[in-house]
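Each chain, letter by letter, is given below.
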Amino acid sequence: MTKTEIRKQYKALRLKLSSEEIEEYSLEIANKALELPIWNAEFYHLFLSIAEQKEVDTEFLLHIIQGKDKHVVIPKTEPKTGGMVNYLLTDQTKIKKNRWNIPEPQGGIEISHDKIEVVFIPLLAFDENGHRVGYGKGFYDRFLAKCRPDVLKIGLSFFEAVPEIRDVFSSDIPLNYCITPSKTYKFSN
């Protein structure tokens, strides 16, 4: 399948999920994250979920990361450049939804890309090779290209892998892991 076909199909599948299913699956995904060998890092990039898009609720992961006394870094999109600026999440961080309903920090302590060690990535679907389909704007691929080479890239998905995304670009950065409610995929990228 192509990214366009996958995007359409998985947006529809996600819209069918109830709020109870989203909560249950999100908790299962967070619990599976605890099993990954990622907890020696200090800086974790975490997206804040778009409730209207029925994304994986990252609040459970947020509590785990904070409970381990790690630094949480959250993104703010820059539509003009197609990039993202990352800010340390603190008690003083003010969050506001942008025009796409993405909850974003309204300033704060900026964290450089090279400090980030683990990135949790939103997606609509992914394949058995670790390639992902997002919303098609390329924000995460541009961001990941600026991160350190050993940054761990972890997708979060309600659904299992599709066999193959046919139209992968050279600029698409594959995942190291993808966590679903029932399974954790590890990719050898």
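Above this text you will find the structure in question.
Residues numbered from 1 in each chain as written. Predicted model: local features only at pLDDT ≥ 70, side-chain atom pairs only at ≥ 80, totals over all residues. Heavy atoms only, no water.

With respect to the sheet that holds strand β9 (residues 152-156)
The seven strands lie next to each other as β3-β2-β1-β6-β9-β10-β11, forming an open sheet whose pairing is mixed. Two strands bound the open sheet, and with one partner strand each, they are β3 (83-88) and β11 (184-186). On average, adjacent strands in this sheet sit at an angle of 25 degrees to one another, irrespective of strand direction. Of the pairings in the sheet, the one linking β9 to strand β10 (residues 177-179) comprises three bridges and is parallel in character. When the sheet's bridge partners are listed, Gly155 is paired in β10 with Cys178. Packed on one face of the sheet, helix α4 (residues 139-146) meets β1 (43-46), β2 (71-78), β3, β6 (118-122) and β9 and runs near 170 degrees to β6. (Pairing = 2+ DSSP bridges. Helix = DSSP H or I, 4+ residues; strand = E, 2+ residues; numbered from the N terminus. Axes fitted to C-alpha atoms, helices over the stretch in contact; angles between N-to-C directions. Contact = heavy atoms within 4.5 Å.)

Re the pattern of salt bridges
For the structure on display, the rule yields five salt bridges. Notably, a salt bridge pairs Glu42 with Lys70, separated by 3.8 Å at the nearest N-O pair. One end of the pair, Glu42, is in the loop between α2 (19-33) and β1; the other, Lys70, is in the loop between α3 (59-67) and β2, with 28 residues separating them in the sequence. Look at Lys70 and you get buried, because its relative accessible area is 16%. Between Arg132 and Asp141 there is a salt bridge whose closest N-O contact spans 3.8 Å. Using a relative accessible area of 16% as the deciding quantity, one classes Asp141 as buried. (Salt bridge = Lys/Arg side-chain N within 4 Å of Asp/Glu carboxyl O. Buried < 20%, exposed > 50% of the residue type's maximum accessible area, 1.4 Å probe, protein only.)

As for the pairing of β2
Note: β1 against β2, three bridges, orientation parallel. Across the sheet, residue His45 finds its bridge partner in β2, namely Val73. The parallel pair β1 and β2, bridged by α3, forms a crossover whose chirality is right-handed. The pairing of β2 with β3 spans six bridges and is antiparallel. Bridging across to β3, Pro75 finds its partner in Asn86. (Right-handed = clockwise from strand over helix to strand, strands pointing away.)

Here's the deal with α3
Of the positions making up α3, those classed as buried are Leu61, Leu62, Ile64 and Ile65. In an axial view of α3, the angular spread of the buried residues amounts to 165 degrees, which keeps them on one side of the axis. Considering only its buried residues, α3 is in contact with α2, β1, β2, β6 and β9. Taken from the residues just after α3, Asp69 is the one with a positive phi, measuring 60 degrees. (Arc of directions from axis to C-beta.)

Some words on the packing of aromatic side chains
In this structure the tally under the stated criterion is nine aromatic pairs. Ring centres of Tyr10 and Phe159 lie 5.5 Å apart, and the angle between their planes is 65 degrees; this geometry places the pair in the edge-to-face category. Of the two residues, Tyr10 is situated in helix α1 (residues 3-15) and Phe159 in the loop between β9 and β10; the sequence distance between them amounts to 149 residues. Classification of Phe159 as buried rests on a relative accessible area of 16%. Judged by centre distance (6.3 Å) and plane angle (10 degrees), the rings of Tyr185 and Phe187 are stacked. There is no split in this pair, since Tyr185 and Phe187 are both buried. (Phe/Tyr/Trp six-rings, centres within 6.5 Å; stacked < 30°, edge-to-face > 60°.)

Section: the nonpolar core
Nonpolar side chains tend to gather and get buried jointly when the protein is soluble and globular. Counting 57 residues, the largest nonpolar core has Phe120, Ile154 and Leu156 as the members making the most contacts within it. If sequence neighbours within four positions are ignored, Leu156 has contacts with Ile29, Phe47, Val56, Thr58, Leu61, Phe120, Ile121, Leu123, Cys178 and Ile179. (Core = buried A, V, L, I, M, F, W, Y, C linked by side-chain atoms within 4.5 Å.)

Things to note about the packing of α2 against α3
In the contact formed by α2 and α3, the axes pass within 8 Å of each other and the chain directions differ by 30 degrees. With respect to α3, the element α2 is oriented roughly parallel. α2 and α3 meet at a crossing whose hand is right-handed. Only Phe60, Leu61 and Ile64 of α3 make contact with α2, whose side of the interface consists of Glu23, Ser26, Leu27, Ala30 and Ala33. Here the contact of α2 with α3 is built from residues that sort into six nonpolar, one polar and one charged. (Parallel < 35°, antiparallel > 145°, perpendicular 65-115°, else oblique. Left-handed = near helix turned anticlockwise from the far one by under 90°. Nonpolar A, V, L, I, M, F, W, Y, C, P; charged D, E, K, R; others polar.)

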